[in-house]
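Chain by chain, the residues run as shown.
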Amino acid sequence: MLARKALSVERYLEEEAASPVKREFFRGFAYAMAGASALHNRVALNLAARFLEAARPRGCRVYMSDMKLRIRDEAVYYPDVMVVCGEGPPHPYYEEAPCVLVEVLSPATEALDRREKRAMYLSLESLQVYLLVDPERRRFTVYRRTPEGFVEEESKEVYIPCLDLRLSLEDALRL
């Protein structure tokens with residue numbers, strides 16, 4: 001078995017631009033991503049559509065799973081849904097300062113979304129809400145920024161401050 005050599009984030013980004021396989025990056029290593037289910041895609045699209053309605057008048061940008069999020073030199077992910085409010089993107093292929101990140105849980109990704117990605121996402125100064133959507137258990141797990149830090153809540157509704165938007169679980173799960 002060959003040992004893999006760690007990549008710099010710059011090298012990963014160069015390789016990713018030409019890669020036929022979508023890969024995420026964490027602390028020197030790239031990991032191939034699996035495809036998503038129809039339910040996963042519908043939930044992400046429902047949320048992105050709701051966010052887009054509220055984002056346009058505010059000059060915010062909404063992305064689905066093909067836009068990268070760069071977190072310093074440590075990680076590059078493809079969040080299921082990302083909202084960025086502020087100046088134009090610093091790079092045409094990634095963003096760095098989202099106010100909202102959404103991951104739709106699946107059995108294959110739940111542990112990663114709840115541990116590694118949560119830790120990385122909550123380290124972003126711009127982030128106001130990290131939303132995990134569990135379509136199987138029909139619930140939101142919300143990490144909401146407060147003056148004291150992030151608070152975790154289980155809920156069927158979430159308020160998105162940067163979009164001034166209230167979002168219900170039914171909005172997300174609508175077929």
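Here's a quick rundown of the structure. Treat the numbers as computed from the prediction; the structure is a model and nothing was measured.

As a rule of thumb, non-glycine residues mostly have phi less than zero, and peptide bonds are mostly trans rather than cis. Despite not being glycine, arginine 27 shows a phi value in the positive range, around 45°. Positionally, arginine 27 belongs in the loop between strand 1 (23-26) and strand 2 (29-32). Within the chain, arginine 72 stands out as a residue other than glycine whose phi angle is a positive 50°. One can find arginine 72 in the loop between strand 4 (68-71) and strand 5 (75-77). Taking the relative accessible area as the measure of exposure, arginine 72 reaches 38% and is therefore partly exposed.

Relative to the elements of secondary structure, tyrosine 77 occurs in strand 5. Residues tyrosine 77 and phenylalanine 140 lie 63 residues apart in sequence; the distance between their C-alpha atoms is 21 Å. Apart from the residues within four sequence positions on either side, tyrosine 77 is in contact with Glu24, Phe25, Phe26, Met67, Lys68, Leu69, Ile71, Glu116, Lys117, Met120 and Tyr121. Side-chain polar atoms of tyrosine 77 contact the side chain of glutamate 116, separated by 2.6 Å.

Time to look at the pattern of salt bridges. Tallying each qualifying case throughout the model produces 23 salt bridges. The residue glutamate 110 makes a salt bridge to arginine 114 at a minimum N-O spacing of 2.8 Å. Separated by 4 residues within a single helix, glutamate 110 and arginine 114 lie in helix 3 (residues 110-114), roughly one turn from each other. Like arginine 114, glutamate 110 is buried. One salt-bridge network, in which partners are shared between bridges, spans Arg11, Glu14, Glu15, Glu16 and Arg23.

The rules behind each value
Residues numbered from 1 in each chain as written. Predicted model: local features only at pLDDT ≥ 70, side-chain atom pairs only at ≥ 80, totals over all residues. Heavy atoms only, no water. Helix = DSSP H or I, 4+ residues; strand = E, 2+ residues; numbered from the N terminus. Buried < 20%, exposed > 50% of the residue type's maximum accessible area, 1.4 Å probe, protein only. Contact = heavy atoms within 4.5 Å. Polar contact = N/O pair within 3.5 Å; in protein donor to acceptor, adjacent residues only side chain to side chain. Salt bridge = Lys/Arg side-chain N within 4 Å of Asp/Glu carboxyl O.

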